[in-house]
Each structure stands twice: as structure tokens, then as C-alpha cells.
Amino acid sequence: MKNKEERVLSFMKKGDIGEGTIEKVLFPNKGILYTQDGERVIVKNGLPGQKIRFSIHKKRKGKCEGLLLEVLERSPVELEKPYCVHFGDCGGCAYQNIRYEEQLKLKEKQVLELLVPVVKTGQEKIVQGVSKPGWFEGIKPSPRQFAYRNKMEFSFGDEYKDGPLALGMHKRGSFYDLVTVDRCRIVDADFNQILESTLAFFSKMGVCYFKKKSHIGYLRHLLVRKAARTGEILIDLVTTTQSCGNMAEPDLLEGFCSTLRQLDLQGCIVGILHTKNDSIADAVKDEGTKILYGKGYFFEELLGLKFKISPFSFFQTNSLAAEVLYDTVRGFVGKPDNGRSNVIYDLYSGTGTIAQMMAPVAQKVIGVEIVPEAVEAARENAEWNGLENCEFIAGDVWKVLDTIKERPDLIIMDPPREGIHPKALERIVRYGVERLVYISCKPTSLVKDLEVLQAGGYVVERCCCIDQFPGTVHVECVVLMSRVEK
């Protein structure tokens, strides 16, 4: 007769508790283990080689998912002590408990496991004793493992129900509870000092936070952005339009500004803003922004170019790794035979960073972006950098493409996480350009789109990963594709 644990492991159902060893971790952070009965279970937030105790929280259509309850035995690659004191409680990072070299190996392996079944071209090559596809060029590390983020969106709330005011990140697996991340490792000391000072000020003033269930309260988010190259800092307090307590709002905000301006920071605060947001959704939304101090933007520099960034402008969150990414793109594109490409499309262009990087080797670069504010910022940035051959169009890519008169010689795509709209993919393939460059922030979306592009007559020539987000599950990929005759 089977003992109790064997019975549990053999007949897993919702609510059951089991133990097992994680065999591998698939992107993005899906640990795979098997019960004694051979049943496959997915458990997030684990590492290969960890023996864990888990509970089944979902089982349907043959798919079994569990929650990590306890690590019984550490992974061989696991550190005795995580890099960050908040690790395990904060939901922001997943790999602060393994060395950076192991993080890179894990991410590279995850990307290869996704791409190899889809990409069939190229010869095998041996890299450090390991056989890899000829088109795969490995992973490039971030110049900084820590203190690399140039933007953080902190939330106001409490660390537990009816607890004291907190300001930070959501607890792992929780929609309501927060962790005050005043010693976060992926930002520099200025971010942590600004967070501590802000929390202390509003706690002293007795100001309440916006409660997600009752939709009552004032404080919502604190947005902090800091340029890696210039050191300029922009701070934005996001609140509702409800009462802020016993003090008049102008006096409260003046006190907030005064508190921040007295801080002894490494960087320089160039602007303090106040954004109103009464939407129910738990997201930073601009429903009106007022400058409390300084100006409403700051400047960052990448690869010799200057970029003006506002609170809600899209900009790569790791400035130094962004330089690695864009330099990789330029290397993939190379120098055209005639010295200049005629027309380059930069699709999903954001604030026009890539377009401006490519401007020196193009007769004209046309950027397409759906966010009007980003398009306006791109135009301003091109003007700042003295680039006269950049044009930026506001609109959805699949709708705009048919309206552009100039046909492209090269297309660069940097779509959002969900990938490229099927209708946009159809139009991209229809151009029949000799080369495409696809920049992806989500490998699973990249795989889906690569299948369509390959069916449309393109093959993968080169692929490289860039780690823009050390300590987390995320990784960027750059793929160069060329057209072949069907």
C-alpha cells in the first residue's frame, strides 16, 4: 500500500500538496517538475535543481500548475544569500538569488529552447564546448548588474491589511499588499533616498492612499526617472482628485517639494510634477499634469545623441544596456554597399531612438508610432540632434503602412510585448525588402511572428540576446532576417 505522500503525488488535484525537484525553467520563469506518477507540473519562481514543496492551484485540460510553498533543498547554482534583501517578498525580480553568469546562461538557454524548433537555417557551431546554431550569437550582458534602471513606478498602499502606509512594489503573488523597497538593488541610491523621504513625509502628514476596493483615497504612485549619463532626475507624484486630508493640497504639495529639494543626492532634480489620475485601473495614467518645480522633462544621452524625455515617454529603462542593444542593431544592419540605404522604416518607433541611430546611413528614416506624445517627442529629439532626414508618423502600424509613398529598402521593428499585429505582418512581408531587423522584448511573441515571416519568404541570418534587465526574467532579442526566393 502506498504511503500518504505517494498517494498525493500520484493523484494530484487542486489543493493537494506535493514535493519534487525542478528539472528546468522555461521562459518566463516556469519551473517544470514531474511527480512520482510522471505528471508534469508548472511552478513559477523556482530554479533548476531546487527541491520544493508546492500546492496545486489550477488543473484543467491536462495542465497542472502549482504554487511554490517552500524550498527544501537549494539549487546547485543558488547563492546562500540573495543579492537583494527584498528578494522573495518583492515581486519585481526572480533571479537575485543566483550569480549573474548563471542568470545569463539560464536566459540564453530559455531563448534557444524557444527558437531552435522554429528556426531551421544555419550550421551548428561549438561555443565554449557547447553546440549552438550558427545563427545564434549568444547573450550580451548588461554593463551594470545593479543600479541600472532609469525609471521606477512605485505604488502607495500598505504592507498588510490596515497596516501603516507603504511605498514600493507589489508583494510576490499579491494584488494588494506592498513591499517598501527602500534598499532595492536594481536602482541607485538616489531612487531609494527619494522613496524613503516621500514615504516619511506623507506618513507624517497622515495622508491616505487610494484603496483599490473602495476607490477612496489620495496617494497612488510615485514615478521616478533618472538619466544614467546626465544624472538629471524627474519626479512625478500621482494622486486622485479626492481630499488629501486636513491640509490644503497646495500646502501639502509645497511641503513635498521642499522635502525632496533638501535631499543630498548624487544626481540633480530638474523637475517635480503632480499628475491627477481618477481611473479605477491600477496603472499610472495621465489625466492632467502640473509642474510643481523646475521643468517637465529631462535629458539622456545615448551613443552621442541627446534625447528629451517626459514622465510618460517610452524610453529603454536600462540606458547603458540600450546602447549595447542599438549598437548591436547597427552592427546587424552594417554599412550599405552604396554608402547609404535609401529609405529605412522604423516601426513602433517610440520616441525615435532607433530612427535617429540609423539616420547617418539613410537617405530617409520613417518612424511609425501609435502614441502621439511619443511621436512629438521623436520630432523634438531629431531636431535637437540636427537630423533632417527623419520623419515620424502617428498611427497604428498596419493602418499607416499603406499610406506611406516611399517604399522601404530596410525595415526595423521594435513592437510591444504582444508582438506585431497580423495585418501589419502581412503588409511588412508584402514589401519584399531584402532585410528585416526584429527587436523583441518577449521571446514567445518573437517566435510567433518569426513563423509568419519565414512562411513569407524570410530566413534568420543572425540572432543575439541582450540582457537589459539583470535579476529579472526578461531578455531582449535582436534578429536579422533576409529574403530568399521561394
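Our subject is the structure listed above.
All values reported here derive from a predicted model rather than from experimental measurement. The numbering scheme is per chain: residues are counted from 1 as the chain's sequence reads. Residues qualify for local features only when their pLDDT is at least 70, as the model is predicted, and side-chain atom pairs are given and counted only at 80 or more; totals for whole chains, interfaces and linings, by contrast, use all residues. Side-chain numbers here rest on the full set of heavy atoms in the structure, without hydrogens or water.

A. Structural context of the overall build of the chain. Counting from the N terminus, the helices are DSSP H or I runs at least four residues long and the strands are E runs at least two residues long. In terms of helices and strands, the chain carries 10 helices and 25 strands. Here the C-alpha atoms of the chain give a radius of gyration of 24 Å, agreeing with the 23 Å that 2.2 N^0.38 yields for 486 residues. The principal-axis extent of the C-alpha atoms belonging to the chain is close to 75 × 65 × 40 Å. Each of the 486 residues in the chain was classed as buried or not, and the buried ones make up 53%. Note that His is not counted, nor are the chain ends; the positive residues are Lys and Arg, and the negative ones are Asp and Glu. For this purpose, a charge sits on NZ of Lys, CZ of Arg, CG of Asp or CD of Glu. Taken together, the 67 basic and 65 acidic charged side chains of the chain have centroids lying 4 Å from each other. Radius of gyration means the value over C-alpha atoms here, while the globule rule gives 2.2 Å times the residue count to the 0.38 power. The buried label goes to any residue with under 20% of its type's maximum accessible area, the exposed label to any with over 50%, and the partly exposed label to all in between, with areas taken from a 1.4 Å probe on protein chains only.

B. Fine view of the packing of aromatic side chains. To pair, rings of Phe, Tyr and Trp, with the six-membered ring standing in for Trp, must have centres within 6.5 Å; the planes then decide the type, stacked if under 30 degrees apart, edge-to-face if over 60, and tilted in the middle. Tallied over the full model, the rule gives 11 aromatic pairs. Consider the rings of tyrosine 83 and phenylalanine 146, whose centres lie 5.1 Å apart with planes at 70 degrees: the pair is edge-to-face. One end of the pair, tyrosine 83, is in the loop between β6 (63–73) and α2 (100–115); the other, phenylalanine 146, is in the loop between β9 (136–140) and β10 (151–158), with 63 residues separating them in the sequence. Geometrically, the ring pair formed by phenylalanine 156 and phenylalanine 202 is edge-to-face, given 6.0 Å between the ring centres and 90 degrees between the ring planes. Placement of phenylalanine 156 in strand β10 and of phenylalanine 202 in helix α3 (residues 189–205) is noted, with a sequence separation of 46 residues between them.

C. Structural context of the packing of α2 against helix α10 (residues 443–455). Helix axes use the C-alpha atoms of the stretch in contact, all axes being lines fitted to C-alpha atoms, and the angles between their N-to-C directions lie in the range 0 to 180 degrees. Where α2 meets α10, the axes come as close as 10 Å, and the angle between the chain directions of the two elements is 25 degrees. Classed by the angle they form, the pair α2 and α10 counts as roughly parallel. In the crossing of α2 with α10, the sense of the turn from one axis to the other is right-handed. Contacts between α2 and α10 involve Val111, Leu114 and Leu115 from the first element and Pro443, Thr444, Leu446, Val447 and Leu450 from the second. The class makeup of the residues in the contact of α2 with α10 is seven nonpolar, one polar and no charged. Reported orientations rely on four angle classes, namely roughly parallel under 35 degrees, roughly antiparallel over 145, roughly perpendicular from 65 to 115, and oblique for the rest. Crossings are sorted by hand: turned counterclockwise from the far helix by less than a right angle, the near helix makes the crossing left-handed, and turned clockwise it makes it right-handed. The criterion used for residue contact is that any of the two residues' heavy atoms lie within 4.5 Å. For this scheme, ten residues count as nonpolar: Ala, Val, Leu, Ile, Met, Phe, Trp, Tyr, Cys and Pro. Four count as charged, namely Asp, Glu, Lys and Arg, and the remainder, Gly too, count as polar.

D. Layout of a positive patch on the surface. Surface patches are defined over residues having more than 30% relative accessible area and no salt bridge, joining like charges when they lie within 9 Å and nonpolar side chains (Val, Leu, Ile, Met, Phe, Trp, Tyr) when within 5 Å. All accessible areas in this document rest on Shrake-Rupley with a 1.4 Å probe, and a residue is counted as covered only by the protein chains that are shown. Salt bridges, as used here, are contacts in which a Lys or Arg side-chain nitrogen is within 4 Å of a carboxyl oxygen on Asp or Glu. Positive charge collects at one region of the surface, where Lys14, Lys24, Lys30, Arg40, Lys44, Lys58, Arg60, Lys61 and Lys109 lie side by side. Of all the elements in the fold, those that place two or more residues in the positive patch are β4 (40–44) and β5 (51–60). Relative to the helices and strands, arginine 60 resides in strand β5. Taking the relative accessible area as the measure of exposure, arginine 60 reaches 56% and is therefore exposed.

E. Molecular detail of the sheet that holds strand β2 (residues 24–26). Taken together, six strands build an open sheet; the order of strands is β1-β5-β6-β4-β3-β2 and the sheet is mixed. Of all strands in the sheet, those bounded by a partner on one side alone are β1 (17–21) and β2. Geometrically, the sheet is characterised by an average inter-axis angle of 40 degrees between neighbouring strands, direction not taken into account. Only strands joined by at least two bridges in the DSSP assignment are considered to pair. Note that β4 and β6 share three bridges and pair parallel. Each bridged residue has a counterpart across the sheet, and for valine 43 the counterpart in β6 is glycine 66.

F. Highlighting the nonpolar core. Ranked by internal contacts, the top residues of the largest apolar core, which has 46 residues, are Leu115, Tyr345, Leu347, Ile411, Leu436 and Leu450. Setting aside anything within four residues of it in sequence, one finds isoleucine 411 in contact with Tyr345, Leu347, Ile428, Tyr431, Val433, Arg435, Leu436 and Val437. As used here, the term nonpolar core means buried Ala, Val, Leu, Ile, Met, Phe, Trp, Tyr and Cys residues forming a set that is joined through side-chain atoms within 4.5 Å.

G. Molecular detail of the pattern of salt bridges. Applying the stated criterion across every chain yields a total of 21 salt bridges. The salt bridge involving glutamate 65 is made with lysine 63; its shortest N-O contact spans 3.5 Å. Close ionic contact of lysine 226 with aspartate 190 constitutes a salt bridge, the shortest N to O distance being 2.7 Å. Taken as a pair, lysine 226 in strand β13 (residues 219–226) and aspartate 190 in helix α3 lie far apart in primary sequence, 36 residues in all.

H. Inspection of a negative patch on the surface at higher detail. A cluster of like negative charges, contributed by Asp278, Asp286, Glu287 and Glu373, occupies part of the molecular surface. Note that glutamate 373 resides in helix α7 (residues 372–384).

I. The arrangement of the environment of isoleucine 32 in detail. By the secondary structure assignment, isoleucine 32 is in strand β3 (residues 30–34). Considered as a pair, isoleucine 32 and alanine 166 are 134 residues apart in the sequence and their alpha carbons are 34 Å apart. Those residues within four positions of isoleucine 32 in sequence are excluded, and the remaining contacts are Thr21, Ile22, Glu23, Lys24, Leu26, Arg40, Val41 and Ile42.

J. Up close: helix α5 (residues 319–333). Its 15 residues place the ends of α5 21 Å apart at the C-alpha level, agreeing with the 21 Å of an ideal helix rising 1.5 Å per residue. Across the 15 residues of α5, 11 count as buried, placing the element largely inside the fold. When we look at burial in α5, the residues that qualify are Ser319, Leu320, Ala321, Ala322, Glu323, Leu325, Tyr326, Thr328, Val329, Phe332 and Val333. Looking one or two residues beyond α5, the residue adopting positive phi is glycine 334, at roughly 70 degrees. Take the number of residues in a helix, subtract one, and multiply by 1.5 Å to get its expected span.

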